[in-house]
Amino acid sequence: MSTSTMFSMLVSSYGTSLEIFALTLLGAIPLGVLIVLGRLSRFRPLSLLMQLLISVMRGTPLMLQMFAVFFVPFYVFGIQTGTDYMFTAVIIAFVINYAAYFAEIYRSGIQSMPQGQYEAALVLGYSHAQTFFRIILPQVVKRILPAMGNEVITLVKDTSLAFSIGIIEMFTQSRALVASQRNMIPFALAAAIYWVTCLVIEFALRRAEKKLDYYHD
Amino acid sequence: MTSTRAVSVTRARKSFDSREVLHDVSFGIDRGEVVSLIGPSGAGKSTLLRCLTLLDTFDEGSLSYGDLEVTSRGEDGRAVYDKEAMRQARMRFGIVFQNYNLFPHFTVMRNVCDAPVVVQHRDKAEVEAEARVLLDRIGLSDHADKVPCQLSGGQQQRVAICRALAMKPDVIYFDEATSALDPKLTDDMHRIIRELASDGMAVGIVTHEMGFARDASDRICFLFDGQIVEDGPANQVINDPVDPRTRAFLSSPED
């Protein structure tokens, strides 16, 4: 098998990796907002529940969480799940796991906001929701962008964990090729593709940071 | 007298834990009047201002803005705040914070216009036209599209004044109005405050600077240890105070 054939096989499975990546971000970014709002809520039981969720999500391996999401419907509820549930389970586990990390990053940003911003908004009559979405959140975005970049780049490589549950993403494919072709080149190619993906993300992050550079506080 | 009162506090008390920081304070500002609140650090000036601006609440006593009663007397004698009245009261006063607290991610124009449009649901074009007049009056018309970090401290303070005025309040408070200003800007601030008063605004100033308090205000209240111990015409309080505590404070170089 030629290198270009191997490359095109990797690229076609790369679509699945990207899908996991994009769906995770799409779900985890807003879910993280909900988790941090619960975490910072003055309603103590909700705050404690979110602390527990964050602690468990950060304190157990993502791979194990994937298996849990995958097997729970069958072993706990006796529901037969088809093979297409495999992918759904991966996405659910990734979204919740990443949302927990994002929530903590959001919290660091929210808590770094000066009290005066809340007071100015309160005196001007903004509601809690208006204060959060108009005044606080846009400033928090700028503050947390570097930390979020870190997580997003980690996520690119974490998509390879889906291999363990049997999803054919790029890492799964590269292993299969290495075994069948007795050749290390698929690994090198996969590494290059991951890296280039991260370069693109780094570039996008730099653009975003530049765009928010119009003010400082 | 009461009909011209823009803000009125009667027999207010406030404690933090078991320490009472305001004892039986009565205070008010008439429309068109400039009142300075002076006193040593820890006298309760900031607490009084925070309670006036509803960032904190009195334990006892009553607070009203014009004909709007913000508090009522509860059965146990404590002040009970009405949520809706608080919301309405916030439309009747504005404050220029000591460090301005402008929204750094908004342009000057948006700092001034956002709340009137979003909170008061006023027409955006109309609010912006009014904001231009305000900014022009205060010498900031060239800076409308800048963000606060591009402005000097004095300019930021004037944006904060415009932001407060755009809400069309009856009362405007200044927290340490001149602490960060040079003599020229202090002079400008003096002029701005007098103009506001002549337009019928009630102006409340918390300050450490006796000279500014004397020159800019009609009346001065001296707060000492949680009580207003002197309340009179500006010149009299500064030059010829009656209370020995005021005399001691004014003759000492500290603060």
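Because the structure is a prediction, the values reported are computed rather than measured.

*Asks:* When you look at the overall build of chain A in this model, what are you seeing that I'm missing?
*Replies:* The helix and strand inventory of chain A stands at eight helices and zero strands. Expressed as lengths along the three principal axes of its C-alpha atoms, the size of chain A is roughly 70 × 50 × 25 Å. Across the 217 residues that make up chain A, the buried fraction comes to 30%.

*Asks:* Any chance you could explain the overall build of chain B here in plain terms?
*Replies:* For chain B, the count of helices and strands is nine helices and 12 strands. Here chain B has a C-alpha radius of gyration of 18 Å; the compact-globule value for 255 residues is 18 Å, and the two agree. The principal-axis extent of the C-alpha atoms belonging to chain B is close to 50 × 45 × 35 Å. When the 255 residues of chain B are sorted by exposure, 45% land in the buried category.

*Asks:* Would you mind going over the sheet that holds strand E2 (residues 19-30) of chain B with me for this structure?
*Replies:* Backbone hydrogen bonds hold the strands of a sheet together, and the pairing may be parallel or antiparallel. Residues and elements named next belong to chain B. With antiparallel pairing, the four strands of this open sheet are ordered in space as E2-E1-E4-E5. Two strands bound the open sheet, and with one partner strand each, they are E2 and strand E5 (68-69). The sheet contact formed by strand E1 (residues 5-16) and strand E4 (residues 60-65) spans five bridges and is antiparallel. In the sheet register, Ser-8 faces E4, and the bridge partner there is Ser-64. Packing of helix H1 (residues 45-52) onto the sheet brings it into contact with E1 and E2, and relative to E1 it is tilted by some 120°.

*Asks:* What am I meant to see in the nonpolar core here?
*Replies:* Among soluble globular proteins, nonpolar side chains are generally buried collectively. Counting residues in hydrophobic clusters, the biggest one holds 79 residues, and the most contacted among them are Val-112, Val-171 and Ile-205 of chain B. With six residues, the single largest contributor to this core is helix H5 (residues 153-165) of chain B. One finds Met-66, Ala-99, Met-148 and Ala-162 of chain A within the second-largest nonpolar core, a separate group that totals 33 residues.

*Asks:* Explain the interface of chain B and chain A to me, please; I cannot follow it from the model alone.
*Replies:* Interfaces are often sized by the accessible area lost when the parts come together. Counting from both sides, the interface comprises 18 residues of chain B and, opposite them, 18 residues of chain A. Of all the elements in the fold, those that place two or more residues in the side of chain B that touches chain A are helix H2 (83-90) and helix H3 (108-118) of chain B. In terms of residue class, the side of chain B that touches chain A is made up of 12 nonpolar, four polar and two charged.

*Asks:* Quick question: what am I supposed to make of the packing of helix H1 (residues 3-39) of chain A against helix H8 (residues 185-211) of chain A here?
*Replies:* The relative placement of two packed helices is expressed as an angle between their axes plus a distance between the axes. Residues and elements named next belong to chain A. Interhelical geometry of H1 versus H8 gives an angle of 45° and a closest axis separation of 10 Å. When the interaxial angle is binned, H1 and H8 end up oblique. Crossing geometry of H1 relative to H8 is assigned as right-handed. In this structure, H1 contributes Thr-3, Met-6, Phe-7, Leu-10 and Tyr-14 to the contact, and H8 contributes Ile-185, Pro-186, Leu-189, Ala-190 and Ile-193. Among the residues making up the contact of H1 with H8, the classes are represented as nine nonpolar, one polar and no charged.

*Asks:* Which parts of the structure should I look at to understand helix H3 (residues 62-75) of chain A?
*Replies:* An α-helix turns once every 3.6 residues. As a result, residues three or four positions apart point the same way. Residues and elements named next belong to chain A. Over its 14 residues, H3 extends 19 Å from the first C-alpha to the last, a length consistent with the 20 Å expected when each residue adds 1.5 Å. At Val-69, H3 shows its strongest bend, of approximately 25°, with the proline Pro-73 following within four residues. Every buried residue of H3 is accounted for by Gln-65, Met-66, Val-69 and Phe-70. On the buried face of H3, the contacting elements are helix H4 (84-111).

*Asks:* I'm lost on the sheet that holds strand E12 (residues 227-233) of chain B in this one. Help?
*Replies:* Residues and elements named next belong to chain B. Sheet architecture is open: six strands sit in the order E8-E9-E10-E3-E11-E12, paired in mixed fashion. The open sheet has two free edges, formed respectively by strand E8 (93-96) and E12, since each of these has just one partner strand. Along the sheet, successive strands turn relative to each other by an average axial angle of 20°, direction set aside. Of the pairings in the sheet, the one linking E8 to strand E9 (residues 171-175) comprises four bridges and is parallel in character. By the bridge assignment for E9, Val-96 is matched with Phe-174.

*Asks:* Can you walk me through the pairing of E1 of chain B in this structure?
*Replies:* Regular strands place their side chains on alternate faces of the sheet. Residues and elements named next belong to chain B. Judged from the eight bridges that link them, E1 and E2 form a sheet pairing that is antiparallel. Residue pairing for E2: Phe-16 is matched across the bridge by Arg-19. Hairpin connection, E1 to E2: the antiparallel pair is bridged by two residues, and Asp-17 has positive phi, about 55°.

*Asks:* Please clarify how the confidence of the model for chain B should be interpreted in this entry.
*Replies:* Looking at chain B, pLDDT values average 92 and 98% of them are 70 or higher. The ipTM for the predicted assembly is 0.92, set against a pTM of 0.88.

*Asks:* It is not clear to me how the packing of helix H6 (residues 128-158) of chain A against H8 of chain A should be interpreted in this structure. Could you clarify?
*Replies:* Residues and elements named next belong to chain A. Packing of H6 against H8 brings their axes to within 10 Å, and their N-to-C directions diverge by 160°. Classified by the angle between their axes, H6 and H8 sit roughly antiparallel to one another. As H6 packs across H8, the resulting crossing turns out to be right-handed. Of the residues in H8, those in contact with Leu-145, Gly-149, Val-152, Ile-153, Val-156 and Lys-157 of H6 are Tyr-194, Thr-197, Cys-198, Ile-201, Leu-205, Ala-208 and Glu-209.

*Asks:* Hey, could you run me through the environment of His-23 of chain B in this one?
*Replies:* Residue and element names in this part refer to chain B. As for its placement among the helices and strands, His-23 is situated in strand E2. Judged by local crowding, His-23 falls into the partly exposed class, with 15 C-beta atoms found within 10 Å. Along the chain, His-23 and Val-242 lie 219 residues apart, while their C-alpha atoms are 20 Å from each other. If we skip the residues at most four places from it in the chain, His-23 touches Arg-13, Gly-226 and Gln-227.

*Asks:* Quick question: what am I supposed to make of unusual backbone geometry here?
*Replies:* Most peptide bonds are trans, and most residues other than glycine sit at a negative phi. Residue and element names in this part refer to chain B. With phi around 65°, Leu-54 is a residue other than glycine that occupies positive phi space. Take Leu-54: it is sitting in the loop between H1 and E4. Here Lys-168, not a glycine, exhibits a phi torsion of approximately 55°, which is positive. Along the chain, Lys-168 turns up in the loop between H5 and E9. We classify Lys-168 as partly exposed; it has 14 C-beta atoms within 10 Å.

Cut-offs and rules
Residues numbered from 1 in each chain as written. Chains lettered and ligands numbered in written order. Predicted model: local features only at pLDDT ≥ 70, side-chain atom pairs only at ≥ 80, totals over all residues. Helix = DSSP H or I, 4+ residues; strand = E, 2+ residues; numbered from the N terminus. Buried ≥ 20, exposed ≤ 12 C-beta atoms within 10 Å, placed from the backbone. Rg over C-alpha atoms; globule rule 2.2 N^0.38 Å. Pairing = 2+ DSSP bridges. Contact = placed C-beta atoms within 7 Å. Axes fitted to C-alpha atoms, helices over the stretch in contact; angles between N-to-C directions. Core = buried A, V, L, I, M, F, W, Y, C linked by C-beta atoms within 7 Å. Nonpolar A, V, L, I, M, F, W, Y, C, P; charged D, E, K, R; others polar. Parallel < 35°, antiparallel > 145°, perpendicular 65-115°, else oblique. Left-handed = near helix turned anticlockwise from the far one by under 90°. Expected span 1.5 Å × (residues − 1). Bend = angle between axes of the 7 residues up to and from the residue. pLDDT = per-residue confidence, 0-100.

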